Structure formats: structure tokens, C-alpha cells
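# Observations on chain architecture
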Amino acid sequence: MRKLFLLVPITMLIFIMNIQAQENLQTSTPPSRENLLEDAVIDLIEPQMYSAVDKHYGTRRLIGFQCQKVIEVKKLDHSGSWLFEAKLEGRTFTGIHEPLDIFTITVRKDESTKYEWLLHDYKVRKFDPNEKYECRNPA
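In this text, all values refer to a predicted model and were calculated from it rather than measured experimentally.

A word on the environment of Lys123. Mapped onto the secondary structure, Lys123 falls in strand 4 (residues 118-126). Here the alpha-carbon distance between Lys123 and Thr104, two residues 19 residues apart in the chain, equals 5.2 Å. What Lys123 contacts, discounting residues up to four positions off in sequence, is Ile102, Phe103 and Thr104.

Geometry of an aromatic ring pair is reported as the spacing of the ring centres plus the angle between the planes. Taken as a whole and judged by the stated rule, the model has six aromatic pairs. Note on Phe127 and Tyr133: the rings are 6.3 Å apart at their centroids and 90° apart in plane angle, and the pair reads as edge-to-face. Grouping aromatic residues by their ring pairs yields a cluster made of Tyr50, Tyr57, Phe65, Phe103 and Tyr122. One cation-aromatic arrangement involves Lys69 over Tyr133; the distance from NZ or CZ to the ring centre is 4.7 Å.

Our next topic: the sheet that holds strand 2 (residues 84-94). Within a sheet, neighbouring strands are paired by backbone hydrogen bonds and run either parallel or antiparallel to one another. The antiparallel open sheet is built from four strands, whose spatial order is 1-2-3-4. The open sheet has two edge strands, strand 1 (63-75) and strand 4, and neither has a second partner. With strand direction ignored, the average angle separating the axes of adjacent strands in the sheet is 20°. Relative to strand 1, helix 2 (residues 33-57) is tilted by about 115°, and along the sheet it contacts strand 1, strand 2, strand 3 (98-109) and strand 4.

Basis of the calculations
Residues numbered from 1 in each chain as written. Predicted model: local features only at pLDDT ≥ 70, side-chain atom pairs only at ≥ 80, totals over all residues. Heavy atoms only, no water. Helix = DSSP H or I, 4+ residues; strand = E, 2+ residues; numbered from the N terminus. Contact = heavy atoms within 4.5 Å. Phe/Tyr/Trp six-rings, centres within 6.5 Å; stacked < 30°, edge-to-face > 60°. Lys NZ or Arg CZ within 6 Å of the ring centre and 35° of its normal. Pairing = 2+ DSSP bridges. Axes fitted to C-alpha atoms, helices over the stretch in contact; angles between N-to-C directions.

Next up, the structure:
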């Protein structure tokens, strides 16, 4: 019984220390202006990425994204306009980060979308475990 009283506090202490260590992990992506802007675009477009997941799998339950990156952003119409098209890529996973597929989505903000960011198109390809897929970490 005495061992149990010692084991529980030691286990709790180790658990708390592990959580605090994970909160302070540094990312390999420097917080440059470009990286911060890319993070902001990914955050802005993430609902549309999950819209593609819903359309492809029929659900987003137990499915997440990792390794998201901006492939391309371009202006539509003319310079000075607020009309855009953006292409992003990300790898879906399930369970304990078991890769599923690689999604490439295109979102648009123009007259046809009533000036809101909406999913325009998406492509999916199976993730090959032998493929060297480079992940970009958030800044």
C-alpha cells in the first residue's frame, strides 16, 4: 500500500513535466514574415480543406490534416483587386498520424463565390509510404 502512495505522485509528476516540455517545443520553421503569412493563409483556408475531406470521405470524423502548405496564390482580374485563387496541399491522417491521402485544393474568392473564400476544386492521391514527402511546420 505504501508503494502505491509513492507511485501515484511520481507518475503524476512525470506526466505533468512531459506536458510542459511539449508546450515549449521549438519549430524548425523560422517566424519570418513569409512563413507567418503562409500560416495565416492556411488558417484562413482550413475550413475549405475540411470541406474537400467531407466531399471525398463523406465525413471528417477522426480525420485530420498535417503538412499543410501553400502551393500558389494568384490575383484574379487585375492588380489592386481583392479577388484571389489559392492552391494548398496537405496530407490527411487518421488514428495516431497514420497517413491516408494527399489533398490539393483550389479555393477562390471572386464574383462567382459572392466574394467569400469557397472550395473551387480538389484532387486526391494516395499517400505512398515510400515517398519522401516534405512537411512544413507552422512558424
